[in-house]
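Structural characterization, general
Now for the letters of each chain:
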Amino acid sequence: MRDLPEAARPDLTCDVAVIGAGTAGIAAERSAREHGARTLLIDPEFRGTLCANTGCMPSKLLIVAARAAHDARRAPVFGVQPGSVQIDGPAVMARLREERDRFVEFTRESFDDLPPDTAITGRARFTGPATLMLEDGRRVEAKAVVIATGSAPVVPAPFRDLGPRILTNETLFELPDLPDSLAVIGGGPIGLELAQAMGRLGVAVTLFDHETRLGKAREDDIHDALSRAVGRDLTLCLGADTEARADPQGIRLDWSGDSEGHAVFSHVLVATGRAPLLDDLDLTASGLDLDDHGTPVFDRDTMRCGGSAIFIAGDADADVPLLHEASTEGEIAGRNAACHPRVRPGHRSTPFTLTFTDPPLAQVGEEPGDDTIIARSDYSDQGRARAEARAEGLVVLYADPQGRLTGAELCCPGAEHLSHLLVWAVQSGATAADMLLLPFYHPTLEEGLKGALNQICRQVRLPEADRQASAGGARNG
Ligand SMILES: Cc1cc2nc3c(=O)[nH]c(=O)nc-3n(C[C@H](O)[C@H](O)[C@H](O)COP(=O)(O)OP(=O)(O)OC[C@H]3O[C@@H](n4cnc5c(N)ncnc54)[C@H](O)[C@@H]3O)c2cc1C
Ligand SMILES: NC(=O)c1ccc[n+]([C@@H]2O[C@H](COP(=O)([O-])OP(=O)(O)OC[C@H]3O[C@@H](n4cnc5c(N)ncnc54)[C@H](O)[C@@H]3O)[C@@H](O)[C@H]2O)c1
């Protein structure tokens, strides 16, 4: 460094520079440091993770408020009369923000544990394959770089420039009160979760999607179960293209396609997908190969971009934009950045997505192939679900010709937990017969899985371990 003229000397040097202090970046920095690297963690704000601020946590806080309202409304089915249910919108939003801020504080506190001079405030861009420039002009030289800049909502043209009544996940949780009415554009996980929650909190919600499938459901009967369930809390308008314009009362939407109409909504939530935040990075200077969307081409086992010393993790890579994947990818990227050029594959877990509707939608493993054995458990009369007056939906299991579980799709009560059991079974290589040898307590939602597991055993001629008659008086456990 001493031989360089002063003007060319970097202001900051390190082994691994991590760009972005979200879930992936925090994991990458920690992992690189644990593997002996001198690290820098660069972020313009250090405001805590997307998950805590505007993602997983505030959305689940809205969902739990909605569930409380829903449970109170359906209590009379059990002979319990709670009286008329009143929703105090400002109180719902205040509790959401109070709890959310607590979660955000925890993620911010993790920055206090960083070694001195590791956290660098600034927005970074590439000036070369291993050099970065911060917006204040400081130059950073690193042996390896991890890109962990996250993603941002994509707002299609008709919804841009229409003012604060157009919401995204970045603004919805800041509303002082619940909206009078809400159009939700997009039936992916964000749209589904927030639309159903708002509907249950008494907001008049219409959900639009230009496709006819909600939540990328694989199976027709799973999609039917999901549509029926959310259709009780909101109006569904699938296969519809929407136009938007400002109106004195809010935002007017005109839609056409499988249905036609127009209406004015006090607010519109745009949940039409998210795109990696890479534009500010000047990736051309990095020398990386980019795909058609401008995302670096990378190896998802090592998180390395081509043959370079640049790694990528989290939503920035547009692969699987989920919290647990961001964390895993960060850990792999950080370790390999520290050990570069001796990179090695990290462990990637079985694909698993969970949308927190009621009942939840879960997808486990890969899509079924031509020789996949498919079996179903119906939850519309499952014993425990029936007792709780929430019997609906189904579980679809996938297995290979040897009876080994390869995946599942669920939309039924308890799917949040049942899907965990199933993803653990898939990842550990269990067969349907192995599963049936495990204990099933009675009366539980888990018992409902036995029907599909037995069907697989019959189809592949494995022993059906469970012959125990249902003691619950209902079909399927
Ligand atoms: C509404 C919503 C609900 C969700 N719910 C769930 C859920 O229930 N379960 C689940 O698994 N996943 C959920 N997700 C997805 C999950 O939140 C994300 O996959 C995850 O948080 C992504 O983490 P990340 O580290 O990639 O990004 P982030 O946490 O966004 O971190 C990116 C960081 O990069 C910084 N940055 C950006 N550009 C630069 C630059 N040029 N220089 C320096 N720093 C920069 C940003 O300031 C930010 O701090 C949800 C997402 C949303 C939007
Ligand atoms: N529970 C969870 O794990 C959870 C919750 C929320 C978000 N997330 C993550 O965040 C990511 C982004 O979520 P998302 O729901 O915004 O995106 P998404 O891409 O999953 O879904 C977007 C939906 O919007 C529709 N759409 C796109 N353009 C449209 C248009 N112009 N008009 C009408 N519909 C349109 C698409 O057909 C699709 O159904 C997800 O992929 C997921 O990884 C996860």
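Residues numbered from 1 in each chain as written. Chains lettered and ligands numbered in written order. Predicted model: local features only at pLDDT ≥ 70, side-chain atom pairs only at ≥ 80, totals over all residues. Heavy atoms only, no water.

**Quick notes on the side chain of Thr444**
Where we set the bar: In this text, helices come from DSSP runs of H or I with a minimum length of four residues, and strands from runs of E with a minimum of two, each type numbered from the N-terminal end. Counted as a polar contact is a pair of N or O atoms within 3.5 Å, where, for protein atoms, one must be capable of donating a hydrogen and the other of accepting one, and residues adjacent in sequence contribute only when both atoms are in side chains. Contacts are assigned to residue pairs with any non-hydrogen atoms lying within 4.5 Å of each other.
Relative to the elements of secondary structure, Thr444 occurs in the loop between helix H10 (432-436) and helix H11 (449-460). A polar side-chain atom of Thr444 sits 2.8 Å from the main-chain carbonyl oxygen of Tyr441. Other than its neighbours up to four places away in sequence, Thr444 contacts Gln382 and Arg384.

**Overview of the UniProt feature "binding site: FAD" (unreviewed entry) in the protein chain**
Heads up, the rule is: UniProt positions are given in the numbering used here, feature names are shortened, and annotations may be inferred rather than shown by experiment. Burial classification: accessible surface area is computed with a 1.4 Å probe over protein chains only, and a residue below 20% of its type maximum counts as buried, one above 50% as exposed, and the rest as partly exposed.
Within the UniProt annotation, "binding site: FAD" (unreviewed entry) is assigned to Lys60, Thr149, Gly150, Ser151 and Asp315. A maximum C-alpha distance of 23.2 Å shows the annotated residues, which cover 256 residues in sequence, to be distributed over more than one spot. Summarising the element assignment, Lys60 is placed in helix H3 (residues 56-74). Given a relative accessible area of 23%, Lys60 falls into the partly exposed group. Not counting residues up to four positions away in its chain, the partners in contact with Lys60 are Glu193 and Phe356. Within the secondary structure, Ser151 is located in strand E7 (residues 151-153). Apart from the residues within four sequence positions on either side, Ser151 is in contact with Arg274, Ala275, Pro276, Leu277 and Asp315.

**Here's the deal with unusual backbone geometry**
A cis geometry characterises the amide bond from Asp358 onward to Pro359, with omega recorded as -5°. On the secondary structure map, Pro359 appears in the loop between strand E18 (352-355) and strand E19 (361-365). The peptide bond linking His442 to Pro443 adopts the cis configuration, its omega dihedral lying at -5°. Among the secondary structure elements, Pro443 is positioned in the loop between H10 and H11. We note that Met303 has phi near 65°; this positive angle belongs to a residue other than glycine.

**Overview of the site of ligand 1**
Rules: Only heavy atoms are used to decide nearness, and a residue is near a molecule or strand if one of them lies within 4 Å of it. Working definition of accessibility: Shrake-Rupley area with a 1.4 Å probe, residue cover restricted to the visible protein chains. Under this grouping Gly is polar, as are all residues other than the nonpolar Ala, Val, Leu, Ile, Met, Phe, Trp, Tyr, Cys and Pro and the charged Asp, Glu, Lys and Arg.
Near ligand 1 lie 34 residues; those nearest to it are Ala24, Asp43, Lys60, Asp315 and Leu323. For ligand 1, an oxygen atom lies 2.7 Å from a polar atom in the side chain of Lys60. A distance of 3.4 Å is found between an oxygen atom of ligand 1 and a backbone nitrogen or oxygen belonging to Ala148. Within the complex, the protein chains bury 90% of what would otherwise be the 1000 Å² of accessible surface of ligand 1. Secondary structure elements with two or more residues in the shell around ligand 1: helix H1 (23-34), strand E2 (39-43), helix H2 (50-54), H3 and helix H7 (323-339). Counted by class, the shell around ligand 1 contains 17 nonpolar, 12 polar and five charged residues.

**With respect to the site of ligand 2**
The criterion, for reference: Domain delimitation in this document rests on an assignment produced automatically or drawn from a domain database.
As a matter of local geometry, ligand 2 sits amid 21 residues, with Ile190, Glu193, Asp209, Pro321 and Leu354 nearest to it. One of the backbone nitrogen or oxygen atoms of Ile190 is found 3.1 Å away from an oxygen atom of ligand 2. Here ligand 2 has 840 Å² of accessible area as a free molecule, and 78% of this is covered by the chains. Counting residues per element, the ones that place at least two in the shell around ligand 2 are helix H5 (189-200) and E18. Ranked by residues supplied to the shell around ligand 2, first place goes to H5 with three residues. Of the residues assigned to the shell around ligand 2, the class counts are nine nonpolar, seven polar and five charged. Looking at which domains feed residues into the shell around ligand 2, each of domain 2 (157-273) and domain 3 (352-476) gives three or more.

**Things to note about the packing of aromatic side chains**
For clarity, the threshold we go by: Each pair of aromatic rings taken from Phe, Tyr and Trp, with Trp reduced to its six-membered ring, is defined by centres within 6.5 Å and is described as stacked if the planes are under 30 degrees apart, edge-to-face if over 60, and tilted in the remaining cases.
Per the counting criterion, the structure on display carries three aromatic pairs. Seen in terms of ring centroids, Phe46 and Phe111 are 5.0 Å apart; in terms of plane orientation they differ by 80°. Their pairing is edge-to-face. One end of the pair, Phe46, is in the loop between E2 and H2; the other, Phe111, is in helix H4 (residues 89-112), and 65 residues separate them in sequence. Accessibility expressed as a relative area gives 12% for Phe111, which makes it buried.

**Quick look at the pattern of salt bridges**
Threshold: Salt bridges are defined by distance alone: a side-chain nitrogen of Lys or Arg within 4 Å of a carboxyl oxygen of Asp or Glu.
Here the structure, examined in full by the defined rule, presents 24 salt bridges. Of the charged contacts, one joins Lys143 and Asp15 as a salt bridge, the two residues approaching to 3.1 Å between their closest N and O atoms. Of the two residues, Lys143 sits in strand E6 (residues 139-147) while Asp15 sits in strand E1 (residues 12-19), which places them 128 residues apart along the sequence. Exposure remark for Asp15: the relative accessible area of 15% places this residue in the buried category. With a closest N to O distance of 2.9 Å, Glu329 and Arg348 form a salt bridge. Linking Glu329 in helix H7 with Arg348 in the loop between H7 and E18, this pair joins segments that are 19 residues apart in sequence. With relative accessibility at 0%, the residue Glu329 sits in the buried group. Each of Asp15, Arg38 and Lys143 takes part in salt bridges that share partners, so that together they form one network.

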